[in-house]
Amino acid sequence: MAITDKIYVKNHRQLASQLETSFPKGAFKGATLDILFQGEGLAKLDDASRDRVLEFAEDFMDCDCQAAPHCGCPERKFIGYLLELREQGLGPDAIVDVMTDDYMLYAYPGDILSFLDDSVRTLEAIETLAGVDGEREVEREAGERRNHLVR
Ligand SMILES: [Zn+2]
């Protein structure tokens, strides 16, 4: 399961009742993207929730793909956001706090930790393969990104 399958909407029940409809708890479920993040119900949300929902839509759902928001861009951008927080030196708990502040989302810190570990391992594998293939530039870049994640 991708980490984006383990990102949840905070106050999910409260939002569903404000919208007078139901949607899944997972933030990146197709129906959540449709109903909560680009639905017509925005006006029904309280101010604080609406701000966060709009912020999410602006930051992760701003692509022009025909299949948007089911094109994979929101997931890809969110993973970039998580890695950026890590590169700023935040640990799993702090990353969860920030995503809650920014977008009213949450995850289990343990899931974030495994995601970060996996990312480091993936970069290590890229680095090794690139080294074997003599792709110095790729090797160097993967190494640099990995260093940012593990510091
Ligand atoms: Zn897209």
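Just so it is clear, the structure is predicted and the values come from calculations on it, not from any experiment.

Remarks on helix H2 (residues 30-37)
(1) Moving on: Buried within H2 are the following residues: Thr-32, Leu-33, Leu-36 and Phe-37. Along the axis of H2, the buried residues cluster in a sector spanning 100°; they form a single face.

Some thoughts on the environment of Gly-26
(1) Moving on: With respect to the secondary-structure elements, Gly-26 resides in the loop between helix H1 (12-19) and H2.
(2) Moving on: Distance from Gly-26 to Val-150, taken between C-alpha atoms, is 28 Å for residues 124 residues apart in sequence.
(3) Moving on: Among all residues touching Gly-26, those that are not within four sequence positions of it are Ile-7, Tyr-8 and Thr-32.

Quick word on the coordination of the zinc ion
(1) Moving on: Summarising the metal site, the zinc ion is bound by the protein donors Cys-63 (SG), Cys-65 (SG), Cys-71 (SG) and Cys-73 (SG), whose distances to it range over 2.2 to 2.3 Å.
(2) Moving on: Geometry at the zinc ion is tetrahedral, judged from its 4 donor atoms and the angles of 102 to 116° they form at the metal.
(3) Moving on: Coordination of the zinc ion draws on donor residues from a single chain, spaced C-x1-C-x5-C-x1-C in sequence.
(4) Moving on: Among the residues examined, Cys-71 registers a relative accessible area of 24% and is labelled partly exposed.

Cut-offs and rules
- Residues numbered from 1 in each chain as written.
- Predicted model: local features only at pLDDT ≥ 70, side-chain atom pairs only at ≥ 80, totals over all residues.
- Heavy atoms only, no water.
- Buried < 20%, exposed > 50% of the residue type's maximum accessible area, 1.4 Å probe, protein only.
- Helix = DSSP H or I, 4+ residues; strand = E, 2+ residues; numbered from the N terminus.
- Arc of directions from axis to C-beta.
- Contact = heavy atoms within 4.5 Å.
- Donors = N, O, S within 2.8 Å, 3.2 Å for Na, K, Ca; no water.
- Tetrahedral: all angles 85-135°; square planar, octahedral: opposite > 155°, others 65-115°.

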